[in-house]
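Chain residues, written in single-letter form:
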Amino acid sequence: NEQQLEAAFQARIDAEEKIEPKDWMPERYRKNLIRQISQHAHSEVIGMQPEGNWITRAPTLHRKAVLLAKVQDECGHGLYLYSATETLGITREELIEALHSGAAKYASIFNYPSLTWADIGAIGWLVDGAAIVNQVSLQRTSYGPYARGMVRICKEESFHQRQGYHIMMTLMQGSDEQRAMAQDAVNRFWWPSLMMFGPHDAESAHSAQSMTWKIKRQSNDELRQKFVDQSVEQAEVIGLTLPDPDLKWNEERGHYDFGEIDWDEFNRVISGSGPCNRQRIAHHVAAHEDGAWVREAIAAHEAKKQQRASK
Ligand code: FAQ
């Protein structure tokens, strides 16, 4: 019966076995995974917009080529993750519909505008940096297709993080104006980057169950702390100041203490009222509608191929 199946399932999880698409799984495990992986996919795809905004204005041909490659990588990540979600028995159309209707979220960070070239540096350094901390942990997630997708995604994100850090480093070696632009980008992106890890563990609706099922391997607060610790040192090396007066090394804990996130702002942004939420979704809807002819052409081609094969 269901209870025995669930006990056997949990025993497999406890033994660090991966769960594969055709294995029995509790319906709530399936639903929770569809929720998390699809939101992860949407984040990768919506995340192309703030950076895409600077492709035509990158300061050199070299920077432009690098940024183009990075944005294409994000698209690829979205595709691996949509494919992983589809193995759980939901269609791409349903996933896109949930994004457009607002039923599915995507990372809050992508609802902030990219105002200057330094923002592209800050996004690579901080946003990809935060994403890697979270995704390295997810390489050990219990669902096989998600775990395997994360391995490749992490390799690519490491390059993204370095290109962002390199932009910041170059700006910090430049004119006063360039240094000020880099600092301004950090001032705007630091706190939203900390929000990427989600609510405090005690407030996190899904954490307890996701940890038992090993969908998540480390908690929101643990991962956020890891990110803060690594970022402080990286900021110091190139002379940037993180905008938090409470940031201080705590000898006893062996970690940096830091200030409290503005949770009202977090809640506003995840519920649709951030600076760019409407623009991001409107852009995605328009791109999806513009691409309808490509999907129709592929379907027609597939139908013809099958017709020929059955003759
Ligand atoms: N933004 O109970 P929890 C990238 C929602 S990396 C928006 O703690 P959970 C790379 C949460 O979904 C970014 N919503 O939830 C890139 C839930 O809502 P729901 C993507 C957030 O799942 C870089 C509710 O709050 N990475 O894109 C956020 O246990 C540069 C309650 O929260 C991933 O998605 C937030 N920040 O933990 C691309 C990683 N935080 O579904 C382009 C995979 C929480 O009930 C350029 N995901 N919420 O309506 C995860 O690890 C987890 O889902 C968490 C949230 C940690 C994000």
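Just so we're clear, the structure is a prediction, and the values are computed from it rather than from any experiment.

Sorry if this is basic, but what is going on with the pattern of salt bridges here?
Oppositely charged side chains can pair when the atoms bearing their charge come close. One pass over the structure, following the stated rule, counts 19 salt bridges. Across the pair Arg 12 and Asp 23 runs a salt bridge whose closest N-O atoms are separated by 3.1 Å. Placement of Arg 12 in helix α1 (residues 2–14) and of Asp 23 in the loop between α1 and α2 (27–46) is noted, with a sequence separation of 11 residues between them. The partner of Lys 70 in a salt bridge is Glu 51, and the shortest N-O contact between them spans 2.9 Å. Pair noted here: Lys 70 is in helix α4 (residues 61–86) and Glu 51 is in helix α3 (residues 48–52), with a separation of 19 residues, a long-range link. Salt bridges here are not isolated pairs; linked through shared partners, they connect Glu 51, Lys 70, Glu 74 and Asp 128.

What is the right way to look at the packing of aromatic side chains in this model?
Geometrically, a pair of aromatic rings is defined through the distance of the ring centres and the angle of the planes. Evaluated as defined, the whole model comprises 9 aromatic pairs. One aromatic cluster is present, built from ring pairs that chain together Phe 9, Trp 24, Tyr 29 and Trp 213. Lying across the ring of Trp 54, Arg 57 places its NZ or CZ 4.0 Å from the centre.

Whenever I open this one, the packing of helix α6 (residues 117–138) against helix α8 (residues 176–195) confuses me. Can you help?
Packed helix pairs are characterised by how far apart their axes lie and by the angle those axes make with each other. Running from N to C, α6 and α8 cross one another at 30°; their axes reach a closest spacing of 9 Å. Considering the angle they form, α6 stands roughly parallel to α8. The handedness of the crossing between α6 and α8 is right-handed. Mapping the contact onto sequence places Ala 118, Asp 119, Ala 122, Ile 123, Trp 125, Leu 126, Val 127 and Ala 130 in α6 and Met 181, Ala 182, Ala 185, Val 186, Arg 188, Phe 189, Trp 190 and Ser 193 in α8. Grouping the constituent residues of the contact of α6 with α8 by class yields 13 nonpolar, 1 polar and 2 charged.

Explanation requested: the site of the ligand in the structure shown.
In the neighbourhood of the ligand, 34 residues make up the surrounding shell, with Lys 105, Ser 108, Ser 204, His 206 and Lys 216 lying closest. At 2.9 Å from an oxygen atom of the ligand is found a side-chain nitrogen or oxygen belonging to Asn 134. Here an oxygen atom of the ligand sits 2.6 Å away from a polar atom, N or O, in the side chain of Lys 216. For the ligand, whose accessible area on its own is 1,100 Å², the fraction buried by protein is 90%. Those elements that provide at least two residues to the shell around the ligand are α2, α4, α6, α7 (144–172) and α11 (263–273).

In this structure, what is going on with the side chain of Asp 229? I would like to understand it.
Inspection of the secondary structure puts Asp 229 in helix α10 (residues 220–238). The side chain of Asp 229 sits in the buried core without any salt bridge; Arg 253 is the nearest counter-charge, 6.2 Å away. In this structure the side chain of Asp 229 is engaged in a polar contact, spanning 3.0 Å, whose partner is the backbone nitrogen of Tyr 256. Asp 229 has contacts with Gly 254, His 255 and Tyr 256, leaving out every residue within four places of it along the chain.

Quick question: what am I supposed to make of unusual backbone geometry here?
If a residue is not glycine, its phi is most likely negative; likewise, a peptide bond is most likely trans. Backbone geometry at Glu 16 places phi at a positive 65°, although glycine is not the residue there. Take Glu 16: it is sitting in the loop between α1 and α2. You can call Glu 16 partly exposed: its relative accessible area is 43%. Unlike most non-glycine residues, Lys 214 shows phi in positive territory, near 60°.

How should I be thinking about the confidence of the model for the protein chain in this particular structure?
Interpreting fine coordinate detail is not advised for predicted regions of low pLDDT. In this model, the protein chain carries an average pLDDT of 97, and 100% of its residues clear a pLDDT of 70 or more. Prediction confidence for the complex, expressed as pTM and ipTM, is 0.97 and 0.98 respectively.

I keep staring at the environment of Glu 156 and nothing clicks. Help me out?
Mapped onto the fold, Glu 156 is located in helix α7. Using a relative accessible area of 16% as the deciding quantity, one classes Glu 156 as buried. A C-alpha to C-alpha distance of 27 Å links Glu 156 and Thr 241, two positions 85 residues apart in sequence. Those residues within four positions of Glu 156 in sequence are excluded, and the remaining contacts are Asp 73, His 77 and Tyr 80.

What is the right way to look at the side chain of Asn 220 in this model?
Mapping Asn 220 onto the fold places it in helix α10. Under the relative-accessibility criterion, Asn 220 is labelled buried at 7%. In terms of polar contacts, Asn 220 uses its side chain to reach the side chain of Lys 216, at 2.8 Å.

Can you walk me through the nonpolar core in this structure?
Among soluble globular proteins, nonpolar side chains are generally buried collectively. With 49 residues, the main nonpolar core has Trp 125, Met 168, Trp 190, Phe 227 and Leu 240 as its most contacted residues. Considering every element that reaches this core, the biggest residue donor is α6, with 10 residues. Apart from residues no more than four positions distant in its own chain, Phe 227 is found in contact with Leu 126, Gly 129, Ala 130, Val 133, Trp 190, Ser 193, Leu 194 and Phe 197. Grouped together as the second largest cluster of nonpolar side chains are 24 residues, Ile 19, Leu 33, Ile 96 and Leu 138 included.

Please clarify how the packing of α2 against α4 should be interpreted in this entry.
Viewed as axis vectors pointing N to C, α2 and α4 meet at an angle of 160°, and their least axial separation amounts to 8 Å. Taken together, the axis directions place α2 and α4 in an arrangement best described as roughly antiparallel. Considering the relative orientation of α2 and α4, their crossing is left-handed. When α2 is examined against α4, the residues Ile 34, Ile 37, Ser 38, His 40, Ala 41, His 42, Glu 44 and Val 45 are found in contact with a partner set consisting of Glu 74, His 77, Gly 78, Leu 81, Tyr 82, Ala 84 and Thr 85.

Cut-offs applied
Residues numbered from 1 in each chain as written. Predicted model: local features only at pLDDT ≥ 70, side-chain atom pairs only at ≥ 80, totals over all residues. Heavy atoms only, no water. Salt bridge = Lys/Arg side-chain N within 4 Å of Asp/Glu carboxyl O. Helix = DSSP H or I, 4+ residues; strand = E, 2+ residues; numbered from the N terminus. Phe/Tyr/Trp six-rings, centres within 6.5 Å; stacked < 30°, edge-to-face > 60°. Lys NZ or Arg CZ within 6 Å of the ring centre and 35° of its normal. Axes fitted to C-alpha atoms, helices over the stretch in contact; angles between N-to-C directions. Parallel < 35°, antiparallel > 145°, perpendicular 65-115°, else oblique. Left-handed = near helix turned anticlockwise from the far one by under 90°. Contact = heavy atoms within 4.5 Å. Nonpolar A, V, L, I, M, F, W, Y, C, P; charged D, E, K, R; others polar. Near = heavy atom within 4 Å. Polar contact = N/O pair within 3.5 Å; in protein donor to acceptor, adjacent residues only side chain to side chain. Areas by Shrake-Rupley, 256 points an atom, 1.4 Å probe, with all protein chains shown as cover. Buried < 20%, exposed > 50% of the residue type's maximum accessible area, 1.4 Å probe, protein only. Lys, Arg positive; Asp, Glu negative; His and termini not counted. pLDDT = per-residue confidence, 0-100. Core = buried A, V, L, I, M, F, W, Y, C linked by side-chain atoms within 4.5 Å.

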